[in-house]
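Spelled out, the chains give:
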Amino acid sequence: MKNQDHTKLPTGRDIPFLVLGVLGIGSSGPIIAKATMPIPTMIFWRNLVGALVMMPFALARGEWRTKAQQSAIRWSILAGALLATHFVCFFWAMKLTSVATGTALTATQPIFAAIFIKLAGGHIPKKSIGGMVIAFFSVVVITGIDFNVSIQAFQGDLLAVIGGAVGAAYMIIAANSQKVISTSTFTTVCYLTCAVLIFPVVLATKSNLTGFSTTEWILLAGLIIGAQFLGHTLFNFTLKRVSPAVVSLVVFFEVPVSALLAYLWLGQQPPAGTIPGIIGLLFGCSLFVLRSNQEESKSND
C-alpha cells in the first residue's frame, strides 16, 4: 500500500460502484428505523443471504490452498466478528437516536482508523490534526444536543460511535485481506461468520426468525439489496483498486443521503442544533482524509 496513490480519485466502473454503494448504505438507516423486525433477526438474515449469494463465486475460486490464503481467511473471520459488532451497535443506534445523528456519528470511522494506525506505530500527518479536532468537537455538539433531548438518544449516540470504531477496524482488515483473496471469498467468510455469531443472540433474545408481515420481508429485502450488496459488497470490491482513504471519504456521503431519506420517508427532522454538528463532522472528516492523503503523497515523491 506504500506505493499506492492515496489521493487518486476512482475511475471507470469504480465511480458508479461507489455511487451505488453510497445510495445502498444510505438507505439502511431509514429502513432499520422503519422496520419492526427484531434487530438480531435482521442482522442474521441480511448476512446469511449475503454469504449464500457470494458463496458459489468463492467456491469456484478455491482460495484456501496456500498459507497466505488461509491466513487471509482467518483475518476474514475476525472481520466478520467485527462486522457483527458494528451491525449490533448501528442497528440499535437507529432505534434509539435519529437516523441523521446516528449515521453521522458512525461516520467517524476514518478518525478511529487513524488512531488505530497511530497506536500500531504508523504516521499521522500533522496537517490532519485540524480535521480531527473539528470532527471531534462536532461529535461533542451532536451528542450533547441529543443528551439534552433524552438519555435514550444519548445511548444511541454512544452505540453509533462504538460502531464507527469497530467499522474502522473492519475496513482495515478488509483492505489487507483482499490483497490475497478475492472479494467473493472475503465477503462469503465475513458475512457467514457474522451470521453465525449473531444466531446465539437471536436465541438469547428470543427473536423470531419467521412469521413476519409481507411489509417486513420487503423491508428486509431492501436492506439486503441496498446496504448489503450495493453497499458493503461494492465498497469491498472497489478496495482492490481504490485507496481505503478515498473509499472512507466517499462513505461520508451516506450521512446526507440517510438524513434526506429519513426526512422524506419517516418525517424525521433533526433538531436545528444538530445540523451544524453534522456539517462540521463531514467537513472535519473530509479535511482529515484529504490532508492525510496530501502528506502521504508528498512523502512518497
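Keep in mind it's a predicted model, so treat the numbers as computed, not measured.

**Remarks on the overall build of the chain**
Looking only at helices and strands, the chain features 13 helices and zero strands. Moving toward the C terminus, one meets the helices and strands of the chain in the order α-α-α-α-α-α-α-α-α-α-α-α-α. Residues counted as buried form 51% of the 301 residues belonging to the chain. A fraction of 89% describes how many contacts in the chain between residues 6 or more apart in sequence connect residues 24 or more apart. As displayed, the chain offers around 13,700 Å² of accessible surface, 70% of which is attributable to carbon and sulfur atoms.

**Focus on helix 6 (residues 109-119)**
Among the residues making up helix 6, those that are buried are Gln 109, Pro 110, Ile 111, Ala 113 and Ala 114. Looking one or two places after helix 6, you find Gly 121, whose phi comes out positive at around 95°.

**A word on the packing of aromatic side chains**
All chains considered together, the criterion is met by seven aromatic pairs. Between Phe 17 and Phe 237, the aromatic rings sit 5.6 Å apart at their centres with planes inclined by 75°, giving edge-to-face as the arrangement. Within this pair, whereas Phe 17 is found in helix 1 (residues 14-26), its partner Phe 237 is found in helix 10 (residues 214-238), the two being separated by 220 residues in sequence. A relative accessible area of 22% places Phe 17 in the partly exposed class. Classification of Phe 237 by relative accessible area gives partly exposed; the value is 23%. Taken together, a centroid distance of 6.4 Å and an interplanar angle of 70° make the contact between Trp 45 and Trp 217 edge-to-face.

**As for the side chain of Ser 28**
Examined against the element boundaries, Ser 28 turns out to sit in helix 2 (residues 28-34). With sequence-adjacent residues up to four places away left out, Ser 28 is seen in contact with Phe 90, Leu 223 and Ala 227.

**Structural notes on the confidence of the model for the chain**
Do not read the predicted coordinates in detail wherever pLDDT is low. Looking at the chain as a whole, the pLDDT averages 83, with 85% of positions reaching at least 70. This stretch, residues 1-7, has a pLDDT under 50; its non-local contacts, to residues over four places away or in other chains, come to 20 contacts.

**Some points on unusual backbone geometry**
Trans peptide bonds make up the majority, and among non-glycine residues the majority have a negative phi. Phi is positive for Lys 206, which is not a glycine, with a value near 55°. Residue position: Lys 206 is located in the loop between helix 9 (183-204) and helix 10. A residue is classified by how much of its surface remains accessible, and Lys 206, at 74% relative accessible area, is exposed.

**Observations regarding the side chain of Arg 46**
On the secondary structure map, Arg 46 appears in helix 3 (residues 39-61). A relative accessible area of 2% means that Arg 46 is categorised as buried.

**Observations concerning the environment of Thr 238**
For Thr 238, the position within the fold is in helix 10. For the pair formed by Thr 238 and Ile 15, sequence separation is 223 residues and the distance between their alpha carbons is 9.1 Å. If sequence neighbours within four positions are ignored, Thr 238 has contacts with Asp 14, Phe 17, Leu 18 and Val 247.

**Comments concerning helix 5 (residues 99-106)**
Counting buried positions along helix 5 yields eight of eight residues, so the element is predominantly enclosed. Those residues of helix 5 that sit buried are Val 99, Ala 100, Thr 101, Gly 102, Thr 103, Ala 104, Leu 105 and Thr 106.

**Topic: the packing of helix 5 against helix 12 (residues 254-266)**
Running from amino to carboxyl end, helix 5 crosses helix 12 at an angle of 165°, the nearest separation of the two axes being 8 Å. The angle between the axes of helix 5 and helix 12 places the two elements in the roughly antiparallel class. The element helix 5 and its partner helix 12 pack so that their crossing is right-handed. For the pair formed by helix 5 and helix 12, the contact residues are Val 99, Ala 100, Thr 103 and Ala 104 on the first element and Glu 254, Val 255, Ser 258, Ala 259, Ala 262 and Leu 266 on the second. For the contact of helix 5 with helix 12, the residue count by class is seven nonpolar, two polar and one charged.

About the cut-offs
- Residues numbered from 1 in each chain as written.
- Predicted model: local features only at pLDDT ≥ 70, side-chain atom pairs only at ≥ 80, totals over all residues.
- Heavy atoms only, no water.
- Helix = DSSP H or I, 4+ residues; strand = E, 2+ residues; numbered from the N terminus.
- Buried < 20%, exposed > 50% of the residue type's maximum accessible area, 1.4 Å probe, protein only.
- Contact = heavy atoms within 4.5 Å.
- Areas by Shrake-Rupley, 256 points an atom, 1.4 Å probe, with all protein chains shown as cover.
- Phe/Tyr/Trp six-rings, centres within 6.5 Å; stacked < 30°, edge-to-face > 60°.
- pLDDT = per-residue confidence, 0-100.
- Axes fitted to C-alpha atoms, helices over the stretch in contact; angles between N-to-C directions.
- Parallel < 35°, antiparallel > 145°, perpendicular 65-115°, else oblique.
- Left-handed = near helix turned anticlockwise from the far one by under 90°.
- Nonpolar A, V, L, I, M, F, W, Y, C, P; charged D, E, K, R; others polar.

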